[in-house]
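# Structural overview
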Amino acid sequence: MKIEGMNKSDWLMLVLIVVVMTLTDFNNLQTIDYVLIVSVVAWLIMLGIRLYVVNVRNKR
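Notes on the structure follow. (Residues numbered from 1 in each chain as written. Predicted model: local features only at pLDDT ≥ 70, side-chain atom pairs only at ≥ 80, totals over all residues. Heavy atoms only, no water.)

## Here's the deal with the overall build of the protein chain
- Each helix and strand in the protein chain was counted, giving two helices and zero strands.
- Scaling as 2.2 N^0.38, a compact globule of 60 residues should have a C-alpha radius of gyration of about 10 Å, whereas the protein chain reaches 14 Å, well beyond that.
- Considered along the principal axes of its C-alpha atoms, the protein chain spans approximately 45 × 20 × 15 Å.
- Residues classed as buried in the protein chain amount to 12% of the 60 residues present.
- For the protein chain, the accessible surface area stands at approximately 5000 Å², while carbon and sulfur atoms represent 67% of it.
- Here the protein chain carries 6 positive and 4 negative side-chain charges, and the mean point of each set is 18 Å from the other. (Helix = DSSP H or I, 4+ residues; strand = E, 2+ residues; numbered from the N terminus. Rg over C-alpha atoms; globule rule 2.2 N^0.38 Å. Buried < 20%, exposed > 50% of the residue type's maximum accessible area, 1.4 Å probe, protein only. Areas by Shrake-Rupley, 256 points an atom, 1.4 Å probe, with all protein chains shown as cover. Lys, Arg positive; Asp, Glu negative; His and termini not counted. Charge placed at Lys NZ, Arg CZ, Asp CG, Glu CD.)

Here it is, written out as structure tokens:
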């Protein structure tokens, strides 16, 4: 599956995020866990914006 604008490092990061989230015990979160979750959400938002710009805005 080829998504224009997705690099191999993006796919690797998504796989690592899924692995870390599945191994996280959400009943016992500490401060570093909240920092990790916020940084992952920020990265996903930036990835979404970049993919939107590459696939939608530049096609006009």
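## Looking at the environment of Ile 17
- Mapped onto the elements, Ile 17 comes out in helix H1 (residues 8–23).
- Sequence-wise, Ile 17 and Ala 42 are 25 residues apart; in three dimensions their C-alpha atoms are separated by 12 Å.
- Ignoring anything within four residues of it in the chain, the contact list for Ile 17 reads Val 40 and Trp 43. (Contact = heavy atoms within 4.5 Å.)

## Structural notes on the environment of Val 40
- Position of Val 40 among the secondary structure elements: in helix H2 (residues 31–55).
- Distance in space between the C-alpha atoms of Val 40 and Met 21 is 10 Å, their sequence separation being 19 residues.
- Once residues lying within four places of it in the same chain are set aside, the contact partners of Val 40 are Ile 17 and Met 21.

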